[in-house]
Amino acid sequence: MGAAEAEEIAARLYGARGSATRFETEKDDTFLLNCAARGKFVLKIAHPSERMEELDFQVALLRHLEQRAPDLPVPRALRDADGVDLPSVTTRAGERRVVRLITFLPGTPLDRTSATAPQRERIGEILAKLRHSMADFSHPADGRALAWDVTHLLDLADLLSFIPGGGKRAWTVRALERFAEVKPSLDLCRRQVLHNDFNTSNLVVNHASPQFLTGVIDFGDAVRTAVAVDVSTALMNQMPKTFDHGNRRDLFDEPRDVLRGYLRHAELTDEELRLIPFLSMGRLAVRALLTCWRAEIFPENSRYILRNTEVGWTHLEWFHSISTAQISDLLTR
């Protein structure tokens, strides 16, 4: 969808008149809508294949957080001029698509800047507070099967053929083998609805703010999953973008700061702490499998799809180079 059509939809449904600028996304058409004095918003035109109940789940979760924890820096979902949460439109292309308008949270995505150790601890604190705020939330669609939920990693094994041969495929295969060993323990872990995608592009920061983390965005991968999975995803996404195997102790130097902040507000069992490094490794494998597959199917969007994949190979190689016992001890020693 082009920006002009997005602007027309925003004006017609929400009375929001402004200029639309496209965001790069995986599957939705998403725009920054600048309405001048009225402010900025995010307009999301869902992919035609998106299920209404899953979109309703995301809106209901944002509404729950607004009521349960109004101080948390998460977007607000807005209703259209008729009071409808999820209005639909027929596009110029003849597709029936669902529309959402949410508030825009200003700042800089963390993947474009850096963070100090205390700032990473702040990230962990917000993750823990989000967990507590979602603990009593439920929705008929919260148990959906989501490929980005690490608990389903073994279901992606058929995508190994899309991984380049040689070392990259060997590292990914080994990650799957190790994940299979801990999967029975993971199945016994505590579960609830969680954000499940606490990556640096979904964290908006302001270095001039005492809070530092000024926005947690994109609840599109929220799902009912293991608490340990949510933490492992956040830690994996704090691993360094560059890694020198010869001069670095391990990948969890920076992620431990996030964990330190998290544990100030939410507890983890010894078993969850043992599993989290395996789940971080598993999330790296999920990303490798899904992005290599999707990049081949959608070559026109491959640059965006593969933007984080290359550094992940270095991380998978590091996991491959250490023993299973060493992985178990990464967060418990």
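Residues numbered from 1 in each chain as written. Predicted model: local features only at pLDDT ≥ 70, side-chain atom pairs only at ≥ 80, totals over all residues. Heavy atoms only, no water.

A. Region of interest: the overall build of the chain. When you go through the chain residue by residue, the secondary structure sums to 10 helices and 11 strands. Taking 333 residues into account, the globule formula puts the C-alpha radius of gyration at 20 Å, and the chain, at 20 Å, falls close to it. Each of the three principal axes of the chain carries a C-alpha extent, and together these read 60 × 45 × 35 Å. The buried share among the 333 residues of the chain stands at 54%. The contacts of the chain with a sequence gap of at least 6 include a subset with a gap of at least 24, amounting to 73%. Entry remark: accessible area of the chain is about 14,400 Å², with carbon and sulfur atoms responsible for 50%. (Helix = DSSP H or I, 4+ residues; strand = E, 2+ residues; numbered from the N terminus. Rg over C-alpha atoms; globule rule 2.2 N^0.38 Å. Buried < 20%, exposed > 50% of the residue type's maximum accessible area, 1.4 Å probe, protein only. Contact = heavy atoms within 4.5 Å. Areas by Shrake-Rupley, 256 points an atom, 1.4 Å probe, with all protein chains shown as cover.)

B. Inspection of the packing of helix H5 (residues 227–236) against helix H7 (residues 270–297) at higher detail. Orientation of H5 relative to H7, taken along the N-to-C sense of each, is 60°, at an axis distance of 8 Å. The handedness of the crossing between H5 and H7 is right-handed. Together, Val 227, Ala 228, Val 229, Val 231, Ser 232, Thr 233, Leu 235 and Met 236 of H5 and Glu 272, Ile 276, Leu 279, Ser 280, Arg 283, Leu 284 and Arg 287 of H7 make up the contact between the two elements. A per-class count over the contact of H5 with H7 returns nine nonpolar, three polar and three charged. (Axes fitted to C-alpha atoms, helices over the stretch in contact; angles between N-to-C directions. Left-handed = near helix turned anticlockwise from the far one by under 90°. Nonpolar A, V, L, I, M, F, W, Y, C, P; charged D, E, K, R; others polar.)

C. Highlighting the environment of Leu 268. Mapped onto the elements of the fold, Leu 268 is located in the loop between helix H6 (255–263) and H7. Once the C-alpha coordinates of Leu 268 and Val 227 are considered, the two residues, 41 residues apart in sequence, prove to be 8.5 Å apart. Leave out the neighbours within four places in its chain, and Leu 268 touches Arg 131, Arg 190, Val 227, Val 231, Leu 259, Tyr 262, Leu 263, Leu 273 and Ile 276.

D. View of the nonpolar core. One finds Phe 198, Val 216, Phe 252 and Phe 319 to be the most contacted residues of the largest nonpolar core, which totals 88 residues. Considering each element in turn, this core owes the most residues, 13 residues, to H7. Not counting residues up to four positions away in its chain, the partners in contact with Phe 252 are Leu 235, Met 239, Pro 277, Ser 280, Trp 318, Phe 319, Leu 330 and Leu 331. Ranked by size, the runner-up nonpolar core spans 17 residues in total, among them Met 1, Ala 10, Tyr 14 and Leu 33. (Core = buried A, V, L, I, M, F, W, Y, C linked by side-chain atoms within 4.5 Å.)

E. Main features of the sheet that holds strand E7 (residues 108–109). What the three strands build is an open sheet, ordered E7-E9-E10; its pairing is antiparallel. Since the sheet does not close on itself, it has two edges, and those belong to E7 and strand E10 (213–216), each with one partner. Both strand E9 (residues 203–205) and E10 contribute to a ladder of three bridges, which runs antiparallel. By the bridge assignment, Leu 203 is partnered in E10 with Val 216. (Pairing = 2+ DSSP bridges.)

F. Region of interest: helix H9 (residues 309–321). Helix length check: H9, at 13 residues, gives a terminal C-alpha distance of 19 Å against a target of 18 Å (1.5 Å per residue), a fit within 8%. Taken as a whole, H9 has its buried residues at Thr 309, Gly 312, Trp 313, His 315, Leu 316, Trp 318 and Phe 319. Each element contacted by the buried residues of H9 is listed here: helix H4 (167–186), H7, helix H8 (302–305) and helix H10 (324–328). (Expected span 1.5 Å × (residues − 1).)

G. Focus on the side chain of Asp 28. Here Asp 28 shows up in the loop between strand E1 (19–23) and strand E2 (29–34). Residue Asp 28 is classed as buried on the basis of its relative accessible area of 13%. For Asp 28, the side chain forms a polar contact with the main-chain nitrogen of His 47, separated by 3.2 Å. If we ignore the near neighbours within four places in the chain, the residues touching Asp 28 are Lys 44, Ile 45, Ala 46, His 47, Glu 50 and Arg 100. (Polar contact = N/O pair within 3.5 Å; in protein donor to acceptor, adjacent residues only side chain to side chain.)

H. Broad picture of H4. Between its terminal C-alpha atoms H4 stretches 27 Å, which fits the 28 Å expected from 20 residues at 1.5 Å a residue. At Ala 180, H4 shows its largest kink, close to 35°, and the proline Pro 184 lies no more than four residues downstream. Among all positions of H4, only Trp 171, Thr 172, Ala 175, Leu 176, Arg 178, Phe 179, Val 182, Lys 183 and Leu 186 are buried. Those residues of H4 that are buried lie in contact with strand E11 (223–226), H5, H7, H9 and H10. (Bend = angle between axes of the 7 residues up to and from the residue.)

I. Local environment of the pattern of salt bridges. Inspection of the entire model under this criterion finds 32 salt bridges. Its salt-bridge partner being Arg 144, residue Glu 54 comes within 3.0 Å of it at the nearest N-O pair. With Glu 54 in helix H2 (residues 52–68) and Arg 144 in the loop between helix H3 (117–134) and H4, this residue pair connects regions lying 90 residues apart in the sequence. No difference in accessibility class separates Glu 54 from Arg 144, as the two residues are buried. A salt bridge links Glu 121 to Arg 260; the shortest N-O distance between them is 3.3 Å. With Glu 121 in helix H3 and Arg 260 in helix H6, this pair connects stretches of sequence that are 139 residues apart. (Salt bridge = Lys/Arg side-chain N within 4 Å of Asp/Glu carboxyl O.)

Treat this as a map of the structure, not an account of what it does.
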